[in-house]
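Listed below, chain by chain, are the residues.
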Amino acid sequence: MNLRIGLPGGARCAVVVTYDTDMAGGYSPDGVCHGRTAPFLMDYINRLCETAEDYGVRLQFFQIANGLELDGVVSHLKDVIRRGHAVDCHTYNHINLAYSSPRDLDEDLNLANRLFEERLGYRSVILRGPGGYRHNELKAENQRVILKNGYMWVSGEFDYDLLKRRDYTYMISAPSRNLPFRYSTGLIEIPIQGWTDRTWFDSHRLIDPEAYACWRKKCGHRPVPKGWRCPWTDTAALDDWIKMNLECLDYAYEHGLVWVLCWHPYSHYLHDPENRMLPSLLEAASKKAEKVLIWTMRDLIQHVEK
Ligand SMILES: [Zn+2]
């Protein structure tokens, strides 16, 4: 059952800006994705926060809870929270919500919840699913484990047809598809709409897989030098990424939609080192004739109509 989302104060549309803060396995020599945020990534996250604050809006972050075992990560996140941004859970060990056994999932979420409570002082209310899954792949058994661990809201469904279809109209109309809905167990899914930065830059616009594999092995999870340019995507990938996202915004605006996007600070650190994407989006949103809301996921769930 699809859910209706109310737009307060006569707003025309809303954009839910979410970032998964992963030290992504796809950028690591050993392929392990974890939440022990490196200092270079904290710097980039702080830059994103500053950009948002310049526009008077807040960002939604999803944190892999195993990072909360490090004091440095906890103080970084506390600072992000103090500045008004939202931090919710991306599991303890980056396990897939749909493809894990109920038992593994239960153990993982238990641990994640404990760390959120002990280290940040609150329970996360929304769970971002790592790795993505297709519509209806999250089986009822796993939904019940998620509910049992205190989550009413989950965001992990991804549209894999984007990778196959590749037509532009389909890409920019993403805000009209994969709408929030309620599973039969009562759990509410808020799907990711459209390309993630990871799939855009590292799959869709990948031109040199060998360069990518080589960089991963030799340089992954270490800061890149100033002026470094990613050798595995084509040179127009960033300009096209910005253009495509701005057209998604236009589409959401034109049709009065709520658009949930999912990005990663690490992907933007590599592919958008000057931080052009977020300011471009917020600038375009602020210039629209009618009000465009920039929401966290927590804002969104408050506006789901009962
Ligand atoms: Zn992730």
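Draft legend 1. Representation of the side chain of serine 100. Along the chain, serine 100 falls in the loop between strand E3 (86-89) and helix H3 (102-120). Polar side-chain contacts of serine 100 include one of 2.6 Å to the backbone oxygen of asparagine 96. Not counting the four nearest positions on each side in its chain, serine 100 is found in contact with Ile95, Lys139 and Asn142.

Draft legend 2. Seen up close, helix H8 (residues 209-219). Every buried residue belonging to H8 is among Ala211, Tyr212 and Trp215, and all of these are buried. When H8 is viewed along its axis, its buried side chains cluster within an angular range of 100° and face the same direction. Projecting away from the buried face of H8 at angles above 90 degrees are the exposed residues Pro209, Glu210 and Lys217. The elements touched by buried residues of H8 are helix H7 (197-204) and helix H10 (265-271).

Draft legend 3. Up close: the coordination of the zinc ion. Here the zinc ion is held by the protein donor atoms Asp22 (OD), His90 (NE2) and His94 (NE2), which lie 1.8 to 2.1 Å from it. Here histidine 94 falls in the partly exposed class, since its relative accessible area comes to 22%.

Draft legend 4. Inspection of empty space enclosed by the protein at higher detail. Here the structure, examined in full by the defined rule, presents one cavity of 30 Å³ or more. A volume near 40 Å³ is recorded for the largest cavity. Forming the boundary of the largest cavity are Met171, Ala174, Gln193, Gly194, Trp195, Met244, Asn245, Cys248, Trp259 and Leu261. For the lining of the largest cavity, the secondary structure elements donating two or more residues are helix H9 (237-255) and strand E8 (258-263).

Draft legend 5. Up close: the layout of surface pockets. Each pocket or cavity is described by its volume, and for the largest pocket that value is around 390 Å³. Looking at the largest pocket, it is lined by 22 residues, and the ones nearest its centre are Gly131, Gly132, Thr196, Arg198 and His264. Elements with a contribution of two residues or more to the lining of the largest pocket: strand E4 (126-133) and H7. The element contributing the most residues to the lining of the largest pocket is E4, with five residues. Lining the second largest pocket are 13 residues, with Arg47, Pro225, Lys226, Tyr269 and Pro273 sitting closest to its centre. When contributions to the lining of the second largest pocket are tallied by element, the ones reaching two or more residues are helix H1 (39-54) and H10. The element contributing the most residues to the lining of the second largest pocket is H1, with four residues. Here the residues of the lining of the second largest pocket sort into eight nonpolar, one polar and four charged.

Draft legend 6. Expanded view of the packing of aromatic side chains. Applying the stated criterion to the full structure yields 19 aromatic pairs. Considering the side-chain rings of phenylalanine 40 and tyrosine 266, the 5.5 Å spacing of their centres and the 65° angle between planes classify their relative orientation as edge-to-face. Of the two residues, phenylalanine 40 is situated in helix H1 and tyrosine 266 in helix H10; the sequence distance between them amounts to 226 residues. Here phenylalanine 40 matches tyrosine 266 in class, with each residue buried. Following the ring pairs from residue to residue traces out a cluster consisting of Tyr27, Phe40, Tyr44, Tyr212, Trp215, Trp228, Trp232, Tyr266 and Tyr269. Positioned above the aromatic ring of tyrosine 170 is the side chain of arginine 165, whose terminal nitrogen or guanidinium carbon lies 3.9 Å from the ring centre. Sitting over the ring of tyrosine 170, arginine 177 keeps its end group 3.5 Å from the ring centre.

Draft legend 7. Geometry of the packing of H3 against helix H4 (residues 140-148). Across the interface, H3 lies against H4 with an axial gap of 9 Å and an inter-helix angle of 20°. Overall, the two elements H3 and H4 adopt an arrangement that is roughly parallel. The two elements H3 and H4 cross, and the hand of that crossing is right-handed. Residues Pro102, Leu105, Asp106 and Leu109 of H3 form the contact with H4, whose participating residues are Glu141, Asn142, Val145, Ile146 and Lys148. Residues belonging to the contact of H3 with H4 are distributed by class as follows: five nonpolar, one polar and three charged.

Draft legend 8. Examining the side chain of histidine 271 more closely. With respect to the element layout, histidine 271 can be found in helix H10. Side-chain polar atoms of histidine 271 contact the side chain of aspartate 202, separated by 2.8 Å. Setting aside residues no more than four positions away along its own chain, histidine 271 makes contact with Tyr27, Phe201, Asp202, Cys230, Trp232, Thr233 and Leu238.

So, how was this worked out
Residues numbered from 1 in each chain as written. Predicted model: local features only at pLDDT ≥ 70, side-chain atom pairs only at ≥ 80, totals over all residues. Heavy atoms only, no water. Helix = DSSP H or I, 4+ residues; strand = E, 2+ residues; numbered from the N terminus. Polar contact = N/O pair within 3.5 Å; in protein donor to acceptor, adjacent residues only side chain to side chain. Contact = heavy atoms within 4.5 Å. Buried < 20%, exposed > 50% of the residue type's maximum accessible area, 1.4 Å probe, protein only. Arc of directions from axis to C-beta. Donors = N, O, S within 2.8 Å, 3.2 Å for Na, K, Ca; no water. 1 Å grid on protein atoms, 1.4 Å probe; cavity = no way out; pocket = protein on both sides within 12 Å on 5 of 7 lines; lining within 4 Å. Points joined across faces, edges and corners; volume = space filled by probe spheres on them. Nonpolar A, V, L, I, M, F, W, Y, C, P; charged D, E, K, R; others polar. Phe/Tyr/Trp six-rings, centres within 6.5 Å; stacked < 30°, edge-to-face > 60°. Lys NZ or Arg CZ within 6 Å of the ring centre and 35° of its normal. Axes fitted to C-alpha atoms, helices over the stretch in contact; angles between N-to-C directions. Parallel < 35°, antiparallel > 145°, perpendicular 65-115°, else oblique. Left-handed = near helix turned anticlockwise from the far one by under 90°.

Everything listed here is a matter of coordinates, which is why it stays silent on function.
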